[in-house]
Protein chains: 2
Amino acid sequence: MGNIGIGFDIMGLALEKPGDEVIASKSDTPGLRITKITGAGSKLPYEPEKNTAGMAVQRLLEHLGETGRGIELEIHKKMPINSGLGSSAASAAAATLAVSELLRTGLSKRELLPFAWAGEQVASGSPQGDNIVPSLLGGIVLIRDNATFDVHRLHVPRGLYVVVVHPKLELLTRDARAILKQEVPLDKHVRHNANLAAFIIGLFNGDLGLVGRSLRDEIIEPQRAALIPGFYDVQEAAMQQGALGCSISGAGPSVFALCANSLIAENVSLAMQLAFAMHKFESTIYVSMVNQEGAVIC
Amino acid sequence: MGNIGIGFDIMGLALEKPGDEVIASKSDTPGLRITKITGAGSKLPYEPEKNTAGMAVQRLLEHLGETGRGIELEIHKKMPINSGLGSSAASAAAATLAVSELLRTGLSKRELLPFAWAGEQVASGSPQGDNIVPSLLGGIVLIRDNATFDVHRLHVPRGLYVVVVHPKLELLTRDARAILKQEVPLDKHVRHNANLAAFIIGLFNGDLGLVGRSLRDEIIEPQRAALIPGFYDVQEAAMQQGALGCSISGAGPSVFALCANSLIAENVSLAMQLAFAMHKFESTIYVSMVNQEGAVIC
């Protein structure tokens, strides 16, 4: 989940679910092939160079000098696409780790990051790492600089739960980016700085009250909310049920809320789903803690 | 020291030196009087309602229902004024604490904050707390919200030293504020967010390398640097001597650098002073650790 409301293009958070599965296997026929794509990704391309998972693996194989290898990938999409949940990053992260394990490269996930990142850019067209970094490494992360992979984990307070509600409406990240104003008023910039800084202090100190009152975005959220029918009703429903804060997941249309425990999270998720239903949108609920592991070998 | 380069209007840091002294005593003649002002503050007004220290005490006395009390203040300015070092905040903090102690109010420094803050506004004319909060409470602080006094201490890594070099040139905060553009380009806003977040993570994790590479201000610094002749030479001199980062203290003209130990700090301070001298400006050096106590009773 990119952005986390307050960290546009620089922060991301890994969820326990949903997540994609990639199966990598060796083949006697040289070259990289995607042999199967199941789930929500039926529209996704099988050509490796157009597919985020394929491109990530291709970059890894180039690095290893193993482009002649016979490798087959099965991609089982369990995440909705164009949902604001970083589905393409999840596939890229999974594929990179799977092939690294298959070839016994001994590379750490941090070492694999540049290859997975390159793969994800095929889909997003932009260099932001706010989806790929948490997908691969887990946790709540800050990306200080894309070019140097200057990434950092933030402390995750005990008890923090994340609710995501994904309404059945399609929204392209490119469109959600195109509408953004290219100037920010200085006073909003300063208030945003204060809230971002306080959000991070709240995480490090385990001060969930501070995390909640800092999770306010006056800059991006008001612009993108216009693309998500009923957003403010969903947000209000979450806050009335005791969410710490609620905003747009990535570029949307998914909406997330942070909560102080699992029962509040359940209450919040149902209230948010009901609010979307009032606007005639079906939606899917995901409730989880922050995923501290990122991509894993199963 | 307000701003700390990366935290315009929202972060501040307390220095061990310089600092002001205020002596408060009881008098049989009712009413608040400023009886003496020494040091750099020879231009400062003796009328309590025009003086930051006087106004801070006045607000405290109103809160206590003690406006009829006879109180005399001596203000010994040991800090340069209009230096970007928050001299007016230092006097307000000292006076508030002194009178609170004199009257045995039992109020904590956090409880005294609103009165000192009100006093400082007499001088600054703006509600920012980035000078008054560290002056009174000490440490490196974030002010999330002025209206609710939502203030937080950041972790101060072991070994961190602060160099401040104050050139003999006068610069009014009001002027330094008036020149600022009222819009920030979105891409600079995002990069600034990334650096600010990384700076705070660096402090909490004791990662001085991260603190250093995050201490970059592309927004305010380039605008205010134009008011400080030789600024970029001073900054370069600091970095060449191994400073973690270097920027403008408050609204200037003082320039500060953060350093990883006391010897580097000494080297950096001399190089900065020399660079100012090349531009024909005498300057005063202050080197200290972060002051964790704030205002104290002597």
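Refer to the preceding data block for the structure.
As a further point, take unusual backbone geometry. Residues and elements named next belong to chain A. Cis geometry marks the peptide bond from Lys17 to Pro18; its omega dihedral reads 0°. Although it is not a glycine, Asn3 adopts a positive phi angle of roughly 75°. By secondary structure assignment, the location of Asn3 is in the segment before strand E1 (11–13).

Turning next to the packing of helix H1 (residues 52–64) of chain A against helix H3 (residues 109–124) of chain A. When two helices pack together, their arrangement is given by the angle between their axes and by how far apart the axes lie. All names here are of chain A. Taken N-terminus to C-terminus, the directions of H1 and H3 make an angle of 145°; their axes are 7 Å apart at the nearest point. As for how H1 packs across H3, the hand of that crossing is right-handed. Every residue of H3 that contacts H1 at Thr52, Ala53, Met55, Ala56, Arg59, Leu60 and His63 is listed here: Leu112, Phe115, Ala116, Ala118, Gly119, Glu120, Val122 and Ala123. Here the contact of H1 with H3 is built from residues that sort into 10 nonpolar, three polar and two charged.

Residues and elements named next belong to chain B. As summarised here, the arrangement of the four strands in space is E9-E10-E7-E11, forming an open sheet in which the pairing is antiparallel. The open sheet has two edge strands with one neighbour each: strand E9 (245–248) and strand E11 (283–289). Within the sheet, the average angular offset between the axes of one strand and its neighbour, ignoring direction, is 20°. Note that strand E7 (residues 161–167) and E11 share seven bridges and pair antiparallel. By the bridge assignment, Pro167 is partnered in E11 with Ser283. Packing against the sheet, helix H10 (residues 262–278) makes contact with E7, strand E10 (255–259) and E11, and its axis sits at approximately 15° to E7.

In this assembly, 29 residues from chain B lie in contact with 28 residues from chain A. Elements with a contribution of two residues or more to the side of chain B that touches chain A: strand E5 (140–145), strand E6 (150–154), strand E8 (183–185) and helix H6 (186–205) of chain B. If you tally residues by element for the side of chain B that touches chain A, the top one is H6 of chain B, at 12 residues. Considered class by class, the residues forming the side of chain B that touches chain A number 17 nonpolar, seven polar and five charged. Sheet analysis places strand E8 (residues 183–185) of chain A next to E8 of chain B, joined by three bridges and oriented antiparallel. Of the residues in E8 of chain B, the one forming a bridge with Pro185 of chain A is Glu183 of chain B.

Another aspect to go through is H3 of chain A. Residues and elements named next belong to chain A. Look at H3: 21 Å from first C-alpha to last across 16 residues, which is about the 22 Å you get at 1.5 Å a residue. The buried fraction of H3 is high, at 12 of 16 residues. For H3, the set of buried residues is Leu112, Leu113, Phe115, Ala116, Trp117, Ala118, Gly119, Glu120, Gln121, Val122, Ala123 and Ser124. Looking at the buried side of H3, the elements it contacts are H1, helix H2 (87–102), helix H4 (132–137) and helix H5 (173–178). Remark: Gly125 follows H3 within two positions and exhibits a positive phi of approximately 70°.

Okay, the nonpolar core next. Within the largest apolar cluster, 198 residues are counted, with the highest numbers of intra-cluster contacts made by Ala95, Val163 and Met272 of chain A together with Ala95, Val163 and Met272 of chain B. Among residues more than four places away in sequence, those in contact with Met272 of chain A are Val163, Val165, Val234, Ala237, Ala238, Val255 and Ala257 of chain A.

Glancing now at the packing of H1 of chain A against H2 of chain A. Residues and elements named next belong to chain A. Packing of H1 against H2 brings their axes to within 8 Å, and their N-to-C directions diverge by 40°. Considering the relative orientation of H1 and H2, their crossing is right-handed. In this structure, H1 uses Thr52, Ala53, Ala56, Val57 and Leu60 to contact H2, whose residues at the interface are Ser88, Ser91, Ala92, Ala95, Thr96, Val99 and Ser100. Residues that form the contact of H1 with H2 fall into these classes: seven nonpolar, five polar and no charged.

With that settled, the discussion passes to the environment of Arg177 of chain B. Residues and elements named next belong to chain B. Looking at the secondary structure, you find Arg177 in helix H5 (residues 173–178). Taking the C-beta count within 10 Å as the criterion, Arg177 has 16 such neighbours and is therefore assigned partly exposed. Each C-alpha atom, one on Arg177 and one on Gly86, is 15 Å from the other, the two residues being 91 residues apart in sequence.

Let us look at the pairing of E5 of chain B. All names here are of chain B. In terms of burial, E5 is largely enclosed, as five of its six residues are buried. Two elements, strand E1 (residues 11–13) and E5, share three bridges in a ladder whose sense is antiparallel. Bridge pairing in E5 places Leu13 opposite Ile140. Looking at chain direction, E5 and E6 are connected through five bridges and run antiparallel. If you follow Val141 over to E6, its bridge partner there is Arg153. Counting the residues in the hairpin turn of E5 and E6 gives four residues, including Phe149, whose phi is positive at 50°.

About the criteria used
Residues numbered from 1 in each chain as written. Chains lettered and ligands numbered in written order. Predicted model: local features only at pLDDT ≥ 70, side-chain atom pairs only at ≥ 80, totals over all residues. Helix = DSSP H or I, 4+ residues; strand = E, 2+ residues; numbered from the N terminus. Axes fitted to C-alpha atoms, helices over the stretch in contact; angles between N-to-C directions. Left-handed = near helix turned anticlockwise from the far one by under 90°. Contact = placed C-beta atoms within 7 Å. Nonpolar A, V, L, I, M, F, W, Y, C, P; charged D, E, K, R; others polar. Pairing = 2+ DSSP bridges. Expected span 1.5 Å × (residues − 1). Buried ≥ 20, exposed ≤ 12 C-beta atoms within 10 Å, placed from the backbone. Core = buried A, V, L, I, M, F, W, Y, C linked by C-beta atoms within 7 Å.

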